[in-house]
Amino acid sequence: MDTQMHKLKQILIATLFLFISGFQPAKAQSVSISPSRLYYKVGMGEYKTQEINVTNNSTVRQSFTVLFSDFEPAGIEGKSRFMDAGESENSCSRWLSATPSFFEIEPGQTQKIQVLLQVPASPDANKVKWAAMRIKLTKEKKAPDSNDKNSIGMGVNETFQFVAHVFQTPPSVTLKSAEIESFKDLAAEGERARLLVMRIRNTGEAILDCASYLEFTNLQTGEEERIKPIAFTILPGGSREIKFTVPKTLSKGKYSVLGVVDFGSRENVQAAELQVEVN
């Protein structure tokens, strides 16, 4: 009974250590990657290589492993959901490879990673695809003491990761189109700021890099004020919800608010209008 209790105590201590250690690397390490996005424009049956730099800004040597997986936007907020490689129908993760895929970096040094995209000659390759490049920082797993008869078969593996998003657009895909699905005024609740919310949908075939802004026009005085543009990306078939805070500098009165979405097409800038009253 004493032996069982001793082993149970060791397991509890080891589990607690694992739980605590999982929160430390992100605070203790100092690593950067550049760029955080790779855009490819490769035809079917062709390939191209781009480069990502990983810099070790810490005072100790760091080890890294490179993996590729899928991701999909989780919803209108624009946050990503990660999945296994090949799980998404929009995936290009299996077309990607990294050289090197495992490496160590000395303090203050930078490692260049060659990211190769090989597009197959298949009909499915003739549309926009995307993937996540996950650069995982790892720490050597510590083995239990083999001389200790009561030691348990458990080690500690500290890790966290950086993610670079990869986008592939075939040269034949050029259609860019978007629509504003809604433009609403959210009334203030308690101490929260008043928000105007615009929902935009990508109705085309290409990735949209958008900039959206609001322009307030006082209906009594004609004075105008524009809110600084918000930049965002929408993948084909996806929607994003953009929230703007009504400026506190606006004078009391009624305003016409023009919401504009610019996605790089001079002929097809989207806009919507609503009226608000500032009290």
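Residues numbered from 1 in each chain as written. Predicted model: local features only at pLDDT ≥ 70, side-chain atom pairs only at ≥ 80, totals over all residues. Heavy atoms only, no water.

### Observations regarding the sheet that holds strand S1 (residues 31–34)
The condition that has to hold: The pairing criterion is simple: DSSP has to find at least two bridges between the two strands. Only DSSP runs of H or I reaching four residues or more are called helices, and only runs of E reaching two or more are called strands; each is numbered from the N terminus. Note on method: axes are straight lines fitted to C-alpha atoms, helices fitted across the in-contact stretch only, with angles between N-to-C directions ranging 0 to 180 degrees.
Reading across from one edge, S1-S3-S8-S6 is the order of the four strands in this open sheet, with antiparallel pairing throughout. In the strand order of this sheet, the two ends are held by S1 and strand S6 (96–99), each with one partner. Put simply, the sheet's adjacent strands are angled 25 degrees from each other on average, direction ignored. When S6 meets strand S8 (residues 110–118), the two strands line up antiparallel, connected through four bridges. Its bridge partner being in S8, Leu96 is matched across the sheet by Leu117.

### Considering the pattern of salt bridges
Note the following rule: Salt bridges are counted wherever a side-chain nitrogen of Lys or Arg sits within 4 Å of a carboxyl oxygen of Asp or Glu. Whether a residue is buried, partly exposed or exposed follows from its accessible area with a 1.4 Å probe, protein chains only, as a fraction of its type maximum: under 20%, in between, or over 50%, in that order.
This structure, assessed with the given rule, holds seven salt bridges. Salt-bridge contacts for Lys112 lead to Glu51; the nearest nitrogen and oxygen are separated by 3.6 Å. Residue Lys112 is located in strand S8, and its partner Glu51 is located in strand S3 (residues 47–56); the two are separated by 61 residues in the primary sequence. A relative accessible area of 34% means that Glu51 is categorised as partly exposed. Taking the shortest distance from any N to any O, the salt bridge between Arg61 and Glu104 comes out at 3.6 Å. In this pair, Arg61 sits in the loop between S3 and strand S4 (62–73) while Glu104 sits in strand S7 (residues 102–105), placing the two residues 43 residues apart along the sequence. Taken together, the shared-partner salt bridges connect Arg61, Glu104 and Glu106 into one network.

### Some points on the nonpolar core
For clarity, the cut-off: Put simply, a nonpolar core is a bunch of buried Ala, Val, Leu, Ile, Met, Phe, Trp, Tyr and Cys residues held in one set by side-chain atoms that sit within 4.5 Å of each other. What makes two residues a contact is simply this: any of their non-hydrogen atoms within 4.5 Å.
In terms of nonpolar packing, the biggest core is built from 29 residues, with Val54, Phe64, Leu96, Ile113, Val115, Met133 and Ile135 touching the most fellow members. For Met133, the residues in contact, after removing those within four places along its chain, are Ile52, Val66, Leu67, Phe68, Ala98, Ile113, Val115, Phe162, Val163, Ala164 and Val166. Judged by nonpolar contacts, the second largest core, of 25 residues, contains Ile180, Cys210, Phe216 and Val276.

### Focus on the pairing of S1
Side chains Val31 and Ile33 of S1 all project onto a buried face; the interleaved residues Ser32 and Ser34 project onto a face where none is buried. Where S1 and S3 come together, four bridges link them in antiparallel fashion. Residue pairing across strands places Ser32 opposite Thr55, the latter belonging to S3.

### Remarks on the sheet that holds strand S16 (residues 239–245)
An order of S11-S12-S16 is seen for the three strands of this open sheet, with the pairing classed as antiparallel. Of all the strands in the sheet, the pair left with one neighbour each is strand S11 (178–186) and S16. On average, each strand axis in the sheet is inclined to that of its neighbour by 20 degrees, with strand direction left out of account.

### Brief notes about the side chain of Gln168
Put simply, the rule reads: N or O atoms closer than or at 3.5 Å make up a polar contact, with two conditions inside protein: a donor-capable atom paired with an acceptor-capable one, and, for residues adjacent in sequence, both atoms drawn from side chains.
Structurally, Gln168 can be placed in strand S10 (residues 159–168). There is a polar contact of 2.7 Å between the side chain of Gln168 and the backbone oxygen of Val42. Setting aside anything within four residues of it in sequence, one finds Gln168 in contact with Tyr40, Lys41, Val42, Trp95, Leu117, Val119, Lys127, Val128 and Lys129.

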